[in-house]
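What follows is the residue order along each chain.
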Amino acid sequence: MQKDVLVIGGGIAGLQAALELAGAGYPVHLVTDEANLGGKLVDSSENKQSACVWGDQVNISALYLGGNLHASSTVLGSLITRAANNPLVHIYTSAKLAELQGDVGHFQATISDTQAGKLTQKLVVGAVILAAGFSMYDVSQKGELGYGYYKNVVTSLEFEHLLSESRYRSECIRRPSDGKCAEKIAFIQCVGSRDVVSKGEYCSAICCMFTAKEAILAKEFAPKTDVTVYYLDLRACGKNFDTFLSRAQELGTKYVRTMISEVKEDPVTERLSINYAAASKPVKEEFDLVVLAAGIRPSTRLKETAGILQIPLNEFGFVQADPLDPVVTKKPGIFSVGGSQGPLDVPETMALASAAAAATTKALGKGEARPARKPVPERDISKEPVRVGVFLCKGGLAAMGADVNAVINAAKKQADVTVVECEQAVCQPEAIAKMQKLIATQGLNRIVVAPCVLKHNLNLFQETVQAAGLNRMLVEMAAVPVKAWEGKADKATSAAMQVTTRAVSDVKTYKPLKWHAEPVVSRALILGGGVSGMAAALALADRGFGCTIVEKSSVLGGYVRDLTGSLETEELKQTIDKMENQVQKNNKIEVLVNSEVVEFSGRQGHFITTVATGQTTKKVEHGIVILATGTTTYVPTEYLYGQDQRVITGVEAMHRLADGRIPAKGEATYVFVQCVGSRNEEHKYCSRTCCGETVFAATKIKEQNPEAKVYVLSRDIRTPGYLELKYREARKAGVVFIHYEEANKPVLLKDSAGNLAMKINDPQSGLELNLKPDQVILAVAQTATPEAAQIADLLKIQVNDDGFLSETHSNFGTIAFPGGGIFITGAAHGPKSVVECLTQAKGVAGRAARILAQPALMMGGMVAEVDWEKCAACLTCVRTCPYTIPQITREKKEMGAAYISPADCRGCGMCASECPNKAIFVHHYQDDEVLARVKTALTEVG
């Protein structure tokens, strides 16, 4: 069976899948029809060769990163540079799939050049991952909004160009028509989305958040700018997304719920007017600039590619996916991820990419375990004089606005600098190869890269020198200072010289560090037996790894066991029952119910956990941990819950629908109330699944009893992607949706006769409505489990402000923690749908399997070491270490001395800073190294 994999698409989905497969030892052929990697998240239409690819000409158009605006380019840049420099990833730009024949394990693919139209490459691959991305709706088709007629009506992407130009070259955002400052800006949402006329009935999922991002950037740059967003529903469904929206509002962005039918221009002033209704009254506002949030459409080449792959498309032209296994297509060996499936936000896309990589490895069997780079013996430099090679980046210098020749000449004058090279982009493969060659031919034993826009590139350069025979710690990278030089080239040049000088001074003090191999225990511990935990265990067992599931309750299934169906699938209960049956019968999976973790120690590759079951305890040795602790349901005190049996929760309504107690016959009135316990001061986030569950239950009631009156009271209906179609079906069925404002919530009253009355103010009409419900159904919040904080404390990880486990990165690192070997999946990360839980669990299992498949892991490096002759065994380090690593041993001297295992040490340095005798030091941070860095750090830059 062929182990090579063809990945079609160079966006984040394709990059993530390619890197995960390469990391597992599978050769990858990455084909993109664009000239550069990055997909729709990178727009570099202004091809400024003089500047860094990650300079100000690059737009990260949909990258909101849960509030971390300025991390976007570095995170995405890391994906691209890692892929471009990975020997197992072969990249074909401006290319497309022209032909595919064969079956899983042996496909014959023909690649052609999109520019020349010639066949360029024939490949034999075992599997194909389609990550073709998406295109944007052509907003000129909405002539009533003025795009193409009025110069000051722009798309979101065009607005980011304006922002980029303005932030570096102006004091305000300038409108295109005449260059005047845009004092008032309007954003119009859902242009080409949720729209039958434009054949885009679905929600495009990302628009609300990238509009919020643009509003924040605009307000941060020009605080006096008046920004208004016109929207239908705010769909901030992901982790930290509501916090991000709140940030936009705190800065002064106004959100107005209305549908805009047209935009008109004053031909004299070129100002744009918008008319809408508020509380049944007409309102007219004028703006200097109008931004249209365009919807998502299939990529222009998707239909052609799907035809070649022989996989069906859905009614909207995206790949037809199985709701419960969305990466699998109708053809074995061909998988689909990202925008090729339809509208998805960044976290969903990353989870799907990981799941697709895992599904591919399952289909192809064990990889050939080819290392990305051949191991090279490390050169002994202990007797060599210091020889520093300085590699300057023209792109980074251009981003600063520095004089390249002046910086080169200054670097050559530094003591012990042997070689100075200046490349267009040091992070590109050609420059990397040149660096390795010069290390060998010129005997370089210290390397400086300066200045670099991407901080993540330090790891790339460490791997580069390691592949050339140098210790990976003998490299320093000077990041571009975060400072606006206001076009003053002399200051920028001075700053570039100084950061380069600093880096040279620092790197000369660096010493080689040592690593050693530690064996891996090829078993997984999974905390939580819900749908995520079971899916992860089954995926790992399929790969041949043993698993232990620790579940606190007496049964498996978790929160989902209480649901009878969902908008994604009505076969929910059957799915859970089938998974539970598979888990119980699998001899690779051990299930411990009514159990909890009481002790935890060890490191990635070898953890030791004590599990208590009743009065007995058991020690489990394992290589990785997967946290699938799930979520719990908020118990409401609002709306007479617990005081009147006619007031129930959404989960209780599901059960009554299943056993026939709902709906009653005749004209019974059902009132659903959304966001009970969510999006408030106590729980500031959206619980994500509630709207879908309500739409499902409300539609079922109308289907079973068309005479029933069903009302849904909501702040927003959050049904992103194809769930919008279900929302539309509910409205067609007669379900009435009424919005309310957070400051004016519905009020439920009970009169002396026992009758219920629900009062609600409709902000659109300005009227107060009085409903007489027979049943009130509360959509309650999903909250973090109490065990989450306990587990976080035990495993030395963090929880966020909402109590959910806090991962590496809310968009790009959603399944792992910085320490290594500990993963997170499902609702432990934050509220998720069942399909999202299943998808993420499979991706997590694939990532975890990469560790479990290795016989050993390299440990050591930047860890603490004890000078036992100085140690007084005072126990300060034992008490200080947050990971309880130091131990007192008498192996070195009779009175005892501390010992810190280099395999277990996390390198935090707390023991070294607290030791009263200075008997502990951290490698790479010894006194002479730290003092040298402090001295250079005190040098002013710019």
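The residue numbering used here restarts from 1 in each chain and proceeds along that chain's sequence as written. pLDDT decides what is reported in this predicted model: residues at 70 or higher carry local features, side-chain atom pairs at 80 or more are listed and counted, and totals for whole chains, interfaces and linings draw on all residues regardless. Here the side-chain values reflect all heavy atoms present in the structure, with hydrogen atoms and water set aside.

Named according to an unreviewed UniProt entry, the protein chain is tRNA 5-methylaminomethyl-2-thiouridine biosynthesis bifunctional protein MnmC originating from Sporomusa silvacetica DSM 10669.

**Thoughts on the pattern of salt bridges**
One side-chain nitrogen of Lys or Arg within 4 Å of one carboxyl oxygen of Asp or Glu is enough to make a salt bridge. Across all of its chains, the model carries 43 salt bridges by this definition. Lys184 is the partner of Glu285 in a salt bridge, and the nearest nitrogen-oxygen pair spans 3.3 Å. One end of the pair, Glu285, is in strand E15 (residues 281–287); the other, Lys184, is in strand E10 (residues 184–191), with 101 residues separating them in the sequence. Here the term buried applies to any residue with accessible area under 20% of the maximum for its type, exposed to any over 50%, and partly exposed to those in between, with areas from a 1.4 Å probe on protein chains only. By relative accessible area, which is 15% here, Glu285 ends up buried. A salt bridge links Glu384 to Arg379; the nearest nitrogen and oxygen atoms lie 3.1 Å apart. A residue is classified by how much of its surface remains accessible, and Glu384, at 30% relative accessible area, is partly exposed. Connected via shared salt-bridge partners are Arg194, Asp233, Arg235, Asp242, Arg257, Arg679, Asp716, Arg718 and Glu724. Secondary structure elements follow DSSP: runs of H or I no shorter than four residues count as helices, runs of E no shorter than two count as strands, and numbering proceeds from the N terminus.

**Notes on the packing of helix H13 (residues 531–542) against helix H19 (residues 834–852)**
Only the stretch in contact is used when fitting a helix axis, every axis being a line fitted to C-alpha atoms; angles between N-to-C directions are given from 0 to 180 degrees. Closest axis-to-axis distance for the H13/H19 pair is 8 Å, and the angle between their directions is 40 degrees. On the basis of the axis angle, H13 is oblique to H19. Crossing angle aside, the handedness with which H13 passes H19 is right-handed. Contact residues: H13 offers Val531, Ser532, Ala535, Ala536, Ala539 and Leu540, while H19 offers Val834, Cys837, Leu838, Ala841, Ala845, Ala848, Ala849 and Leu852. When residues are sorted by character, Ala, Val, Leu, Ile, Met, Phe, Trp, Tyr, Cys and Pro go into the nonpolar class, Asp, Glu, Lys and Arg into the charged class, and all the rest, Gly among them, into the polar class. Here the contact of H13 with H19 is built from residues that sort into 13 nonpolar, one polar and no charged. Each angle receives one of four descriptions, namely roughly parallel if under 35 degrees, roughly antiparallel if over 145, roughly perpendicular if within 65 to 115, and oblique otherwise. If you view the pair so one helix is near and one far, a crossing is left-handed when the near helix is turned anticlockwise from the far one by less than a right angle, and right-handed when it is turned clockwise. Any two residues whose heavy atoms approach within 4.5 Å at even a single point are treated as in contact.

**Digging into the packing of helix H4 (residues 207–221) against helix H5 (residues 241–250)**
It is the contact of H4 with H5, at a shortest axis distance of 9 Å, that shows an interaxial angle of 35 degrees. In this structure, H4 meets H5 at a crossing whose hand is left-handed. In this structure, H4 uses Met209, Ala212, Lys213, Ile216 and Glu220 to contact H5, whose residues at the interface are Phe241, Phe244, Leu245, Arg247 and Ala248. Residues that form the contact of H4 with H5 fall into these classes: seven nonpolar, no polar and three charged.

**Some points on the sheet that holds strand E27 (residues 595–603)**
Paired strands, as defined in this entry, are two strands with at least two bridges between them according to DSSP. Taken in spatial order, the three strands of this open sheet run E27-E28-E29, and their pairing is antiparallel. Edge positions in the sheet fall to E27 and strand E29 (616–622), since each of these pairs with one other strand and no more. For this sheet, the mean angle separating the axes of adjacent strands, direction not counted, is 20 degrees. In the sheet, E27 pairs with strand E28 (residues 606–613) via eight bridges, with the strands oriented antiparallel. Directly across from Gly602, in E28, lies its bridge partner Phe607.

**A closer look at the state of the cysteines**
Criterion for a disulfide: a pair of cysteine sulfur atoms at a distance within 2.5 Å. Tallied over the full model, the rule gives one disulfide. Bridging Cys172 to Cys181, the disulfide has an S-S length of 1.9 Å. An S-S torsion of about -75 degrees defines the bridge between Cys172 and Cys181 as left-handed. Since its relative accessible area comes to 30%, Cys181 is described here as partly exposed. No disulfide involves Cys422; its nearest neighbouring cysteine sulfur is the one of Cys393, lying 7.5 Å away. Under the relative-accessibility criterion, Cys422 is labelled buried at 19%. Left unpaired, Cys691 is separated from the closest cysteine sulfur, that of Cys675, by 6.0 Å.

**A short note on the nonpolar core**
Residues enter a nonpolar core if they are buried and are Ala, Val, Leu, Ile, Met, Phe, Trp, Tyr or Cys, with the set joined through side-chain atoms within 4.5 Å. Within the largest apolar cluster, 47 residues are counted, with the highest numbers of intra-cluster contacts made by Val390, Leu392, Met435, Ile439, Ile447, Val448 and Phe461. Among the elements that line this core, the one with the most residues is helix H12 (residues 489–507), at seven residues. Membership of the second largest hydrophobic core comes to 44 residues, among which are Val531, Leu538, Val844 and Leu857.

**Re the environment of His606**
Relative to the elements of secondary structure, His606 occurs in strand E28. A relative accessible area of 25% places His606 in the partly exposed class. Sequence separation between His606 and Ser522 is 84 residues; the distance between their C-alpha atoms is 8.7 Å. With near-sequence residues (within four places) excluded, His606 lies in contact with Pro519, Val521, Glu621, His622 and Gly623. In the analysis that follows, any N or O atom pair within 3.5 Å is treated as a polar contact, provided that within protein one partner can donate a hydrogen and the other can accept it, and provided that, for residues neighboring in sequence, both atoms belong to side chains. Polar contacts involving the side chain of His606 include one to the side chain of Glu621, which spans 2.6 Å.

**Thoughts on the confidence of the model for the protein chain**
Note: pLDDT gives the predictor's confidence per residue, expressed from 0 to 100. With 92% of its residues at a pLDDT of at least 70, the protein chain reaches an overall mean of 87. Confidence over residues 44–51 falls short of pLDDT 50; this stretch has 19 contacts with residues more than four positions distant or in other chains. Confidence drops under a pLDDT of 50 for residues 56–71, and excluding neighbours within four residues, the segment shows 74 contacts in the predicted structure.

**Examining unusual backbone geometry**
Between Ala450 and Pro451 the backbone carries a cis peptide bond, its omega angle lying at -25 degrees. The residue Pro451 is located in strand E21 (residues 446–452) in this model. Residue Pro663 is reached from Ile662 by a cis peptide bond, and omega for that bond is 0 degrees. Topologically, Pro663 is positioned in the loop between helix H15 (650–659) and strand E33 (669–676). Here Ser94, not a glycine, exhibits a phi torsion of approximately 50 degrees, which is positive.

**A look at the pairing of strand E24 (residues 523–527)**
Summarising burial for E24: four of the five residues are buried, a large majority. For E24 and strand E25 (residues 546–550), the ladder comprises five bridges, and the chain directions are parallel. Following the sheet pairing, Ala524 is matched in E25 by Cys547. Traced from E24 through H13 to E25, the parallel crossover comes out right-handed. Strand direction decides the pairing type here: E24 and strand E30 (residues 624–627), joined by four bridges, are parallel. Bridge pairing in E30 places Leu525 opposite Val625. We call a crossover right-handed when, viewed with the strands running away from us, the connection from the first strand over the helix to the second turns clockwise.

**What to know about the sheet that holds strand E5 (residues 106–113)**
If you trace the three strands from one edge of the open sheet to the other, you get E4-E5-E6, paired in antiparallel fashion. At either margin of the open sheet sits one strand with a lone partner, and together these are strand E4 (95–103) and strand E6 (119–125). Between one strand axis and the next, the sheet turns through 20 degrees on average, direction left out of account. Where E4 and E5 come together, eight bridges link them in antiparallel fashion. From the neighbouring strand, Asp103 faces E5, where its bridge partner is His106.

**A short note on helix H17 (residues 723–733)**
Of the positions making up H17, those classed as buried are Glu724, Leu725, Tyr727 and Ala730. Residues of H17 that are buried make contact with helix H16 (690–704) and strand E35 (736–739). Gly734 sits one or two residues past H17 and shows a positive phi near 110 degrees.

**Considering the packing of aromatic side chains**
Each Phe, Tyr or Trp ring, with Trp reduced to its six-membered ring, pairs with another whose centre is within 6.5 Å; inter-plane angles below 30 degrees give stacked pairs, above 60 give edge-to-face pairs, and intermediate values give tilted ones. Summed over all chains, the structure comprises eleven aromatic pairs. Three or more aromatic residues link up through ring pairs in this structure, and these residues are Tyr202, Phe316, Phe318 and Tyr722. Geometry around Phe287 places Lys184 over its ring, the cationic atom sitting 4.8 Å from the centre. Note on geometry: a ring has a charge over it if NZ (lysine) or CZ (arginine) is within 6 Å of the ring centre and within 35 degrees of the ring normal.

**Details of a nonpolar patch on the surface**
Note that patches include only residues with greater than 30% relative accessible area and no salt bridge, and the join distances are 9 Å for like charges and 5 Å for nonpolar side chains (Val, Leu, Ile, Met, Phe, Trp, Tyr). Computed by Shrake-Rupley with a 1.4 Å probe, the accessible areas treat only the displayed protein chains as cover when residues are assessed. Together, Met862, Tyr925, Val930 and Val934 line one region of the surface with nonpolar side chains, adding up to about 320 Å² of accessible area. As for its position among the elements, Met862 is in the loop between strand E42 (856–860) and strand E43 (864–866). According to the relative accessible area criterion, Met862 is partly exposed, its value standing at 35%.

**Overview of the environment of Glu99**
Inspection of the secondary structure assignment puts Glu99 in strand E4. Along the primary structure Glu99 and Leu470 are separated by 371 residues, whereas in three dimensions their C-alpha atoms are 44 Å apart. Residues contacting Glu99, with those up to four places away along its chain left out, are Gln108, Ala109, Thr110 and Ile308. Within the local environment of Glu99, its side chain forms a polar contact with the side chain of Gln101, the two groups lying 2.9 Å apart.

**Focus: helix H11 (residues 457–467)**
The periodicity of an α-helix, 3.6 residues per turn, causes residues three or four places apart in sequence to face the same way. For H11, the full list of buried residues reads Asn457, Leu460, Phe461, Gln462, Thr464 and Val465. Positive backbone phi, approximately 95 degrees, marks Gly469, located one or two places after H11.

**As for the side chain of Gln462**
Looking at the element boundaries, Gln462 is found in helix H11. For Gln462, the residues in contact, after removing those within four places along its chain, are Arg472, Met473 and Val475.

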